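Coordinate analysis (summary)
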Amino acid sequence: MNAEKGFENTFNQSSLAIGHLEELIAFRNDFILGKVNDPSSCPYLHPEIAASWLRSRNYGVDPYVIGQTLSKRLNNETFQELLDTYATLIDVTSALIATFDGLMLVAGYSILLTDKDGVVLLHKNEWTTTPPFAAPDPVVGMVMDEKSVGTNAHSMCFNIKQPVQLLGPEHYCVQLKEDIIGFAVPITDDSNDLIAVLGLITMAKPQSLGDEHTNGLNAYIMDMLITISQAVEVRLRLEKKYATIISANNPMDGAQNNQGEGIVTVSNTGKIIHINQEGAKILNLDPHDIGDANIRDFLRVESPLMGFAGKGEKVDINETIYTEDDEKVYRISIRPTLGKDTRQLETVVLRFKTNRHSTVSANKKGSTTTYSFDDILGESREIKEAIARAQLFATSDENILLIGESGTGKEVFAQAIHNASCPQGPFMAVNCAAMPRELIESELFGYEGGSFTGADRSGRPGKIEMANGGTLFLDEIGDMPLELQAVLLRTLEDKQIMRIGGRRYKKVDFRLIAATNKDLNQMVKEKLFREDLYFRLSVLPVHIPPLRDRKNDIPLLIQYHMEIYCQKNGMKPMPISSVAAKKLNEYDWPGNLRELRNAMIYAMKTARTGTIEINNLPISILLNKKNEDEITSTGDDLTLKNLEKLTIERAMNRANNRVTLAADLLGISKATLYRKLIEYKIAVE
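Since this is a predicted model, take the numbers as computed values, not measurements.

**A look at the packing of helix 2 (residues 47–59) against helix 8 (residues 153–160)**
How two helices sit against one another is set out by the angle between their axes and by the gap between those axes. Their axes nearest at 11 Å, the elements helix 2 and helix 8 cross at an angle of 110°. Here helix 2 lies roughly perpendicular to helix 8, going by the angle between them. Every pair of crossing elements has a handedness; the one defined by helix 2 and helix 8 is right-handed. Here helix 2 contributes Glu-48, Ile-49, Ser-52 and Arg-55 to the contact with helix 8, which in turn contributes Met-156, Asn-159 and Ile-160.

**Points about the pairing of strand 1 (residues 110–115)**
Among the six residues that make up strand 1, six are buried, leaving the element largely enclosed by the rest of the structure. The alternating pattern of strand 1 places Ser-110, Leu-112 and Thr-114 and Ile-111, Leu-113 and Asp-115 on opposite faces, both of which are buried. Here six bridges tie strand 1 to strand 5 (residues 194–203), and the two strands are oriented antiparallel to one another. Residue Leu-113 lies in a different strand from strand 5, and its bridge partner there is Leu-198.

**With respect to the pairing of strand 15 (residues 471–475)**
The buried fraction of strand 15 is high, at five of five residues. Alternating residues of strand 15 divide into Thr-471, Phe-473 and Asp-475 and Leu-472 and Leu-474, and every residue in both groups is buried. Relative to strand 15, strand 12 (residues 427–431) is paired through five bridges, and the arrangement is parallel. Considered in strand 15, the bridge of Ala-429 is made with Phe-473. Alignment of strand 15 against strand 18 (residues 511–516), held across four bridges, turns out to be parallel. Opposite Thr-471, over in strand 18, you have Arg-511 as the bridge partner.

**Description of the sheet that holds strand 12**
Read from one edge to the other, the open sheet built from five strands follows the order 12-15-18-11-19, with strand pairing classed as parallel. Because the sheet does not close on itself, it has two edges, and the strands there are strand 12 and strand 19 (540–543). Each neighbouring strand pair of the sheet contributes to a mean axis angle of 15°, computed without reference to strand direction. Its contacts with the sheet place helix 12 (residues 381–394) against strand 11 (400–403), strand 18 and strand 19, and it is angled at close to 155° to strand 19.

**Side note on the nonpolar core**
Membership of the largest hydrophobic core comes to 37 residues, with the highest contact counts inside it found for Trp-589, Ile-612, Leu-617 and Leu-673. Ignoring anything within four residues of it in the chain, the contact list for Leu-673 reads Ile-648, Met-652, Val-659, Ala-662, Ala-663, Leu-666 and Ile-668. Counting 31 residues, the second-largest nonpolar core is a separate cluster that includes Leu-89, Ile-111, Ala-196 and Ile-228.

How each quantity is defined
Residues numbered from 1 in each chain as written. Predicted model: local features only at pLDDT ≥ 70, side-chain atom pairs only at ≥ 80, totals over all residues. Heavy atoms only, no water. Axes fitted to C-alpha atoms, helices over the stretch in contact; angles between N-to-C directions. Helix = DSSP H or I, 4+ residues; strand = E, 2+ residues; numbered from the N terminus. Parallel < 35°, antiparallel > 145°, perpendicular 65-115°, else oblique. Left-handed = near helix turned anticlockwise from the far one by under 90°. Contact = heavy atoms within 4.5 Å. Buried < 20%, exposed > 50% of the residue type's maximum accessible area, 1.4 Å probe, protein only. Pairing = 2+ DSSP bridges. Core = buried A, V, L, I, M, F, W, Y, C linked by side-chain atoms within 4.5 Å.

In short, shape yes, function no, at least from these values alone.
If you want it as structure tokens, here you go:
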């Protein structure tokens, strides 16, 4: 930024009084008619303006025919080359001036971006009056330098390389009347060379020129233009810097090499600071909005992408990209850049390739619901009662609360209820425990564009809004922050929501299913959960039994999970020895169905003989509660060595001290077992 760019120069603040305005108009007429030859003799005219008047007359500019002069423009081919040269400047400036549209619309304006030769590269017009600036033909491409239109603000800005403000009669051309006010500020590159000028033309009543209000407004407009030009300069420097980074990370980076490949550069916080055309297409993002977008907005909450980048790891990962109406899996190349001295993350270049071998989920209405009540397995009285109750409640529109320990299948029940009640509607699932506290509100209620830093320009609907006509499933509802519980309660009562930053409510019609593994009643007593919300949620409670209370179902569930795993991996189900089956039935399964499934996967992976033996079971199952009590009573802790010693002792007992059989039970060689017996000083009778 040029150090002289400020608001202290003569050109920035005209002190022309009303009486002097009339005198200046008369003086300009005399100069144009040749009655005065030295414009610097006018006490109300700055020497730089006077010099420009002389140059304008010497150039042969006709002060009375500005409309004809403005018709001078570059031919299409030349102008297209110019647009290509200044493409980045135009894009950056266009995006930044758009943020001030609302402010500049108040009085009407015409804003111009010109190159160093005075060619108009960009024109934003909200003019409310007649010519000269309401011409039907586009202004872009016109040559508006001093040789063409005489003294004007942007040409003066090029000459003195400072911000400029010109009142109507300070212009050379008569058709730039008394009510015209021109502003211009320079745009420089990283070498402080002037490359373009940002100009603005507005209008004011002649009788108001020089009063305190008009001077204040003019000062505000100049400050605004300087702010925009500074932002343009910063963005241009970033564009240049990150183009260098991309080139360094991609030495073969050419148009051919990157065809169909999205490239996105983000800051250390994830803010998008550069994006190519394909990248913008992938993220469904307007390039003008990159300053407001964050790559995290398009990733799942638990995505490791920025974590890899923060560690400086150059890796390729498969990642799902979520846009407003779609989701797709890409192969993303992560190339971070760390500071030379700090070794801290500065920027990350991301390259997107379509992953043809990944499963793509594009259910625009919500999560896929695949389970029905027929998929809930079990013959025990406890599970049958839970299924019957859930089937009965599915016919009602009231809220349902699923209560059960982790891993009991609460989401399976939720999907089954949804598919029995409104299978054509969306099923939107939110895990309140997995969602960062600061994101839950926007995830549930959505937000309007620009409502907070990093928000999508077009805004996003929340899960409640997207559940309209279907089901909203709130898992782990006990982890919802207290401050949001009140908002959720109001939504349940009124059936309408307002997005963050919104101004109006939207009607929603959905069925709520909540789930928890906590004692909400106790949380209410401890003031950790709102009592009114608890009563609203628990209209129709369904208690899902833990696996330890339905042990008759264990053999059926074991067989089912074995068959599922074998089908996926092209294997045949394995028989289970009676000793291993007994141990599986005796175990309490604190992790419930999830733990049982994982245990069977482990057993089949380690069963080398084709039969699942007791030594193929996870050690957590081999150590039942009785063993844990024994360890606790002797004062031992659950170190790996203690567990290993205990397992060997139990194997030796079951094998009646026969080393060969014990080694088979443990899945180790006799030599290894002998070494362990000596190490742990286990006597062999």
